[in-house]
Amino acid sequence: MSLLVEMNDKAMKLGIPLSVHLDVTYRCNERCVHCYLDHDDKGEMTAAEIKNVLDQLAEAGVFFLVLSGGEVFMRQDFLEIVEYARRLLFNVKVKTNGVMIHEYEARRLRELGVEQVQLSVYSHRHEVHDAITKLPGSLKRTIDSIRFLKSQGLKVTMSNVLMTVNRGDQAGTHALAKQLGVAYTLDPTVTPKLDGDTSILSLRVEEDNLDELFANPELVGDVEEFCAPPVPPDEDVMEGYSCSAGHTACYINPYGEVFPCVQFPLPTGNLRRQRFADIWYRSPQMQEVRSIKVKDLTVCSTCSHAGTCTRCPGLAYMEGSMRGPSSSDCEKSFHRTGIPSANMLRKAGMASGGSLIQILPMTV
Amino acid sequence: MPDTYIARSTAIAARMLGGEMMIMSAVDSTFFTLNEVATVIWQAADGRTPLAEIVEQRVCGEFEVEPEVARRDVEQFVSELSRQGILLVSDQPIAEAKPGTAEAQ
């Protein structure tokens with residue numbers, strides 16, 4: 001077991017929030033077609049408020065800190081916030097579109113000891129990327145910033161979201177990452193907007209694209225292992241938890257609201273009125289999230305994928321119940337292994353009008 | 001023999017977790033955990049207190065260990081962390097640095 005896994009297990013047992021994702025702003029200079037945020041500023045925390053939050057997070061034991069947005073550099077005080085976070089010795093990862101990063105910003109991020117910078121790139125073709133971000137020239141500016149960051153020796157990851165509008169460009173985007181000498185991640189997840197609007201889900205790729213994705217060794221490693229049929233869940237799985245949200249991780253938005261995860265819009269408290277530790281340890285919502293074991297899941301507890309599924313409780317929550325299934329993860333499990341999930345079988349049964357109770361006629 | 005001074009590098013991330021110190025190097029992402037004794041030395045590494053004093057007062061004073069054994073173990077520990085770049089060692093007191101300042105580079 002790696003040291004990091006050991007530490008994560010220890011944090012889980014002790015109830016320590018090892019990782020926090022903090023969005024410092026929702027403002028953005030891009031208008032990505034798949035973005036789940038409202039970019040209007042509704043009174044984001046000041047630098048002083050954020051520093052106070054960071055003090056509380058350090059005190060609570062947070063080690064990994066993701067600073068994201070919106071676009072983080074829309075805040076003129078962003079580097080001041082990073083500097084403060086690093087003085088508190090957080091492991092800091094910055095998510096950005098990079099279009100405002102030039103030589104100075106890259107150098108400061110390196111001087112401050114930022115662990116990693118993750119930039120969003122949706123295509124190697126300018127016309128496709130710029131159409132997604134709705135910011136002309138954005139791909140060029142993002143690539144320029146990757147070069148500035150690389151020249152400083154920073155670890156850079158290019159992250160792509162696979163959608164209907166860029167599905168043909170995956171290989172080219174991956175090749176661009178290789179050419180720039182940076183890591184590459186690809187995610188086929190498009191989530192509903194935080195206000196519940198599901199219109200952007202039409203950008204989700206079709207099933208054929210998932211099959212292709214999961215059969216690509218450059219993306220998944222050992223395809224046979226990745227696509228192996230699920231092992232029947234044992235007692236350890238049933239007594240375990242499906243995700244770190246609310247257990248060792250949480251999300252804070254620019255207005256000080258705390259959620260179990262960035263993809264789990266269940267409000268648990270507000271740092272403008274409450275201490276972080278009070279929300280983390282005593283919020284009824286956080287405690288409820290924390291109480292749910294795999295065996296408590298309404299459909300997934302009966303599913304053969306229970307031990308290997310990437311089930312997101314936040315997506316399940318947005319679908320209707322934090323104890324229910326997350327259909328997009330059901331689809332991923334199915335396309336990965338070829339074996340339908342319990343939720344898919346249940347839906348198919350309902351669609352075919354199957355009766356709830358099957359009665360075998362008695363033969364005399 | 002000149003005194004030896006030790007100071008924590010600022011090119012790291014660090015946090016206590018259940019009595020153990022977690023440290024990650026910002027240079028190469030190497031991850032360390034320090035046991036209870038090592039954590040005491042780490043916390044005492046302020047750049048101003050001579051290492052001999054840390055051994056005598058913090059290690060021998062707080063743990064049941066012979067001074068000679070403690071000195072040898074601490075030197076080995078300091079040498080290892082210094083090689084990894086997460087502890088600075090000097091025969092002069094080391095000024096406190098903060099991430100992003102010239103001293104931290």
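Structure: above.
Residues numbered from 1 in each chain as written. Chains lettered and ligands numbered in written order. Predicted model: local features only at pLDDT ≥ 70, side-chain atom pairs only at ≥ 80, totals over all residues. Heavy atoms only, no water.

Caption draft 1: Structural detail: the state of the cysteines. Counted according to the given criterion, the structure contains 0 disulfides over all chains. Take C303 of chain A: it sits in no disulfide, and the sulfur closest to it among the cysteines is that of C300 of chain A, at 6.3 Å. (Disulfide = S-S within 2.5 Å.)

Caption draft 2: Looking closely at the sheet that holds strand β2 (residues 12-17) of chain B. All names here are of chain B. Taken together, 3 strands build an open sheet; the order of strands is β2-β3-β4 and the sheet is antiparallel. Each end of this open sheet is capped by a strand with a single partner; those strands are β2 and β4 (31-34). Averaged over all neighbouring strand pairs, the angle between strand axes comes to 20°, with direction disregarded. Against the sheet, helix α1 (residues 36-44) contacts β2, β3 (20-25) and β4, and its axis sits at roughly 65° relative to β3. (Pairing = 2+ DSSP bridges. Helix = DSSP H or I, 4+ residues; strand = E, 2+ residues; numbered from the N terminus. Axes fitted to C-alpha atoms, helices over the stretch in contact; angles between N-to-C directions. Contact = heavy atoms within 4.5 Å.)

Caption draft 3: Here's a closer look at the pairing of strand β1 (residues 5-8) of chain B. Residue and element names in this part refer to chain B. Alignment of β1 against strand β5 (residues 46-50), held across 2 bridges, turns out to be antiparallel. Bridge pairing in β5 links Y5 to P50. Pairing of β1 with strand β6 (residues 87-90) involves 4 bridges; the strand directions are antiparallel. Looking across to β6, one finds that A7 is bridged to L88.

Caption draft 4: Representation of the environment of I146 of chain A within the structure. All names here are of chain A. As for its position among the elements, I146 is in helix α6 (residues 138-151). Linking I146 and V182, residues 36 residues apart in sequence, is a C-alpha distance of 8.4 Å. Look past the residues within four positions of I146 in its chain and what remains in contact with it is L119, V121, V156, M158, L180 and V182.

Caption draft 5: Spotlight on the interface of chain B and chain A. Chain B puts 24 residues into the contact, and the matching count from chain A is 27 residues. A combined buried area of about 2000 Å² lies between chain B and chain A, and 61% of that area is made up of carbon and sulfur atoms. When the buried surface of chain B facing chain A is broken down by residue, R15, L17 and P99 of chain B rank first, second and third, together holding 32% of it. For the pair chain B and chain A, the number of links is 1 salt bridge. In this structure, K10 of chain A engages E20 of chain B in a salt bridge whose closest nitrogen and oxygen atoms are separated by 3.2 Å. Our enumeration of links across chain B and chain A arrives at 10 residue pairs in polar contact (both at pLDDT 80 or more). Broken down by secondary-structure element, the contributors of at least two residues to the side of chain B that touches chain A are β2, β3 and β4 of chain B. For the side of chain B that touches chain A, a count of residues per class yields 13 nonpolar, 7 polar and 4 charged. (Buried area = accessible area lost by both parts, 1.4 Å probe. Salt bridge = Lys/Arg side-chain N within 4 Å of Asp/Glu carboxyl O. Polar contact = N/O pair within 3.5 Å; in protein donor to acceptor, adjacent residues only side chain to side chain. Nonpolar A, V, L, I, M, F, W, Y, C, P; charged D, E, K, R; others polar.)

Read these as layout, nothing more, since geometry by itself doesn't imply function.
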